[in-house]
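An overview of the molecular structure
Residues per chain, in single letters:
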Amino acid sequence: MVMWTDVLGRAGITVETVDAHHVRLADGATSAVFRLRRAGSVVPSRVPAAPHGPGLFAVPRASIKAVDTLVAAGWNVVTDTGRVAVRLDKRWITPGPQPVVVSQRATQRGPTPWALFTVLRRLLAAPCATQADLARRSGVSQPKVSRVLTRLRADGLVVRDAQTWTIADWDAAADWWLARYPGPGGVTSYWTSTDPPTVEAAKAMAALTATGPSNAVLSGDVAADVLAPWRRPSSSVVYARAGKPLPGMVPVSTPDEATLTVCAPADPGLWLPSPWQVSTHQLADPLQVLHDLAPGTDQTDAAVRLRHALRTTHLHRWQEATRRL
């Protein structure tokens, strides 16, 4: 699936994570921070007002008229189909659109139901919980938890026993979550270096947590290797509340070039309610680790081993991490 970050990379622009709402775009020695706005679609008659500072409007596809209208309104624009109109310093970068297939997921409309995925995360960690427990662990209001549980019960994923909600089938619920989870959202940047992924992840975590240990968590292959060693990590994923330049690492344009992904996520559920540290690593919710495993011939085996560890050796720690301090 081609995304707007890939399109900018092909245009010679690297993307660096600032936070979940801002990106730094760089073209050689020139860089600037942009307020990011993403939309499922745009029509010329309903173009939103641009922010006071530089703004980047990212959309799966847009007509030439829509792009021109956005630019006239003060936006910089990028589409998944290859249209780019970005001003860096005094220069406009405007390569022509490329014929790119946009996936159905990329064009879905409406807000992402983060509460749905978060509540199910917490139930998979502690399969027996009251509605009030789930609200506390998920950071979601009880009325919203009630609506989520109604949907999950309709899909046969949870059952109710008196006042307690329980997962009907752990593996089926985990498969449902993994199949439907849309990704963390937010702002993602890609990095590489000459270090092995484990060293690279440790350096990134050290830089991103310099102002506080809760500012970043580890996911992907390196986190999976910490929890359930099986294969040599080929890459790593770090989630950060705010990004920054990473010493000794080079930003790259696409995930294919990267050995490290840094994301300031929109999904609040991947942050565990309480810290979970294994060795020196602060971890993301382990369902996120499962989701972020790098593709490979042994990806399935690594996932099976991690799922087993979460239900046995790491179950108590996972449950403790879902309880707020």
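The structure displayed is predicted, hence computed values, not measured ones.

Rules used throughout
- Residues numbered from 1 in each chain as written.
- Predicted model: local features only at pLDDT ≥ 70, side-chain atom pairs only at ≥ 80, totals over all residues.
- Heavy atoms only, no water.
- Helix = DSSP H or I, 4+ residues; strand = E, 2+ residues; numbered from the N terminus.
- Buried < 20%, exposed > 50% of the residue type's maximum accessible area, 1.4 Å probe, protein only.
- Contact = heavy atoms within 4.5 Å.
- Right-handed = clockwise from strand over helix to strand, strands pointing away.
- Pairing = 2+ DSSP bridges.

Considerations on the side chain of Glu16
As for its placement among the helices and strands, Glu16 is situated in strand 1 (residues 14-19). On the basis of relative accessible area, Glu16 is assigned to the buried category, the value being 10%. Not counting residues up to four positions away in its chain, the partners in contact with Glu16 are Val23, Arg24, Ser189, Trp191, Pro245 and Pro251.

Regarding the pairing of strand 5 (residues 76-79)
Burial along strand 5 is two-sided: Asn76 and Val78 and Val77 and Thr79, pointing in opposite directions, are all buried. Crossover connection from strand 4 (residues 55-59) via helix 2 (residues 64-72) to parallel strand 5: handedness right-handed. Taken together, the two bridges between strand 5 and strand 6 (residues 84-88) define a ladder with antiparallel strand orientation. Along strand 6, the bridge assignment pairs Val77 with Ala85. Taken together, strand 5 and the strand that follows it, strand 6, pair antiparallel across an intervening segment of four residues, in which Gly82 is found at a positive phi of about 115°.

Considering helix 8 (residues 220-227)
Three or four residues apart is the spacing at which side chains of an α-helix point the same way, because the helix has 3.6 residues per turn. Most of helix 8 is tucked away: six of the eight residues are buried. Along helix 8, the residues classified as buried are Gly220, Asp221, Val222, Ala223, Ala224 and Leu227. On the buried face of helix 8, the contacting elements are helix 7 (197-208), strand 12 (216-219), strand 13 (236-240), strand 16 (277-278), helix 9 (286-292) and helix 10 (299-311).

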